[in-house]
Amino acid sequence: MPSKFIRSFHKTFATLAAAARAASDVDNGRTPANSDLKALGIEPAAFRSIQR
């Protein structure tokens, strides 16, 4: 079983990666993947409702 440190590191890295992908998508005029939004604690429907 992975240590608590390893699990925490993995979750932090996964969150940062999701944030980077979502930011890139928004910068390029695309809607981020639902999985990236959920990893960031954002409901995809709520995200879509604020898009112009």
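Look up: the structure comes first, before these words.
Only a predicted model underlies this, so the values are computations on that prediction, with no experimental measurement involved.

Rules and cut-offs
Residues numbered from 1 in each chain as written. Predicted model: local features only at pLDDT ≥ 70, side-chain atom pairs only at ≥ 80, totals over all residues. Heavy atoms only, no water. Helix = DSSP H or I, 4+ residues; strand = E, 2+ residues; numbered from the N terminus. Rg over C-alpha atoms; globule rule 2.2 N^0.38 Å. Salt bridge = Lys/Arg side-chain N within 4 Å of Asp/Glu carboxyl O. Buried < 20%, exposed > 50% of the residue type's maximum accessible area, 1.4 Å probe, protein only.

**Quick notes on the overall build of the protein chain**
Then step 1. Each helix and strand counted, the protein chain has three helices and zero strands in total.
Then step 2. Going residue by residue from the N terminus, the α and β elements of the protein chain occur as α-α-α.
Then step 3. On C-alpha atoms alone, the protein chain measures out to a radius of gyration of 13 Å, which is more than a quarter above the 10 Å that the 2.2 N^0.38 rule sets for 52 residues.
Then step 4. Summarising its shape, the C-alpha atoms of the protein chain cover approximately 45 × 20 × 10 Å along the three principal directions.

**Considering the pattern of salt bridges**
Then step 1. Going through the model one piece at a time under the given rule, you end up with two salt bridges.
Then step 2. Note that R21 and D36 form a salt bridge whose closest N and O atoms lie 2.7 Å from each other. On the criterion of sequence distance, the pair formed by R21 in helix α1 (residues 4-27) and D36 in helix α2 (residues 34-39) is long-range, its members being 15 residues apart.
Then step 3. Among the residues examined, R21 registers a relative accessible area of 43% and is labelled partly exposed.
Then step 4. Between R30 and D25 there is a salt bridge; the shortest N-O distance is 3.0 Å.

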